[in-house]
Amino acid sequence: MALDSAKKSQIISKFARKENDTGSTEVQVALLSARIAELTEHLKIFKKDFSSRLGLLKMVGKRKRLLNYLKKKDYAKYSKLINDLNLRDK
């Protein structure tokens, strides 16, 4: 379920604020979104994989908390990020 290093570095370089930025909120949300997409495809095939489903729910909750934080801190970055990742806003 983990992302391969090439795809991970590609996502980091796209959403990083500066060089060697791996911990900013935008990067964390982008990486979580990629993992959520992969896990969703996995669960479409393996419907009874309940431990992976629990991990998916935890990741979705973490992404939601990070997005709420970013929305409060910097709404412009938040709106740009959800447009880039094709996420819905409430």
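This is a predicted model, so every value here is computed, not measured.

J.: Which parts of the structure should I look at to understand the layout of surface pockets?
T.: To locate leftover empty space, one rolls a probe as large as a water molecule over the atoms. Estimates place the volume of the largest pocket at around 380 Å³. What lines the largest pocket is Val-60, Arg-63, Lys-64, Leu-67, Asn-68, Lys-71, Tyr-78, Asn-86, Leu-87, Arg-88, Asp-89 and Lys-90. If one sorts the elements of the lining of the largest pocket by residue count, helix H3 (residues 50–73) sits on top with 6 residues. Residue classes in the lining of the largest pocket are distributed as 4 nonpolar, 2 polar and 6 charged. Empty space within the second largest pocket amounts to approximately 150 Å³. Lining the second largest pocket are Lys-14, Phe-15, Ala-16, Glu-26, Lys-77, Lys-80, Leu-81 and Asp-84. Residue assignment for the lining of the second largest pocket shows that the elements contributing at least two residues are helix H1 (5–15) and helix H4 (75–85). For the lining of the second largest pocket, the class distribution of residues is 3 nonpolar, no polar and 5 charged.

Here is what the cut-offs are and how they apply
- Here the residue index of a chain counts from 1 through its sequence in written order.
- Where totals are concerned, whole chains, interfaces and linings use all residues; where local detail is concerned, this predicted model gives features only for residues with pLDDT of at least 70, and gives and counts side-chain atom pairs only at 80 or more.
- Side-chain measures here rest on the full set of heavy atoms in the structure, leaving out hydrogens and waters.
- A cavity here means a set of points on a 1 Å grid, drawn over the protein atoms and nothing else, where a 1.4 Å probe fits but cannot get out; a pocket is an open set with protein on both sides within 12 Å along at least five of seven lines, and a residue lines either one if it has an atom within 4 Å of a point.
- Grid points are joined across faces, edges and corners, and a volume is the space filled by probe spheres set on the points.
- By the criteria applied, helices consist of DSSP H or I runs no shorter than four residues and strands consist of E runs no shorter than two, each listed in order from the N terminus.
- For this classification, the nonpolar set comprises Ala, Val, Leu, Ile, Met, Phe, Trp, Tyr, Cys and Pro, the charged set comprises Asp, Glu, Lys and Arg, and every other residue, Gly included, is treated as polar.

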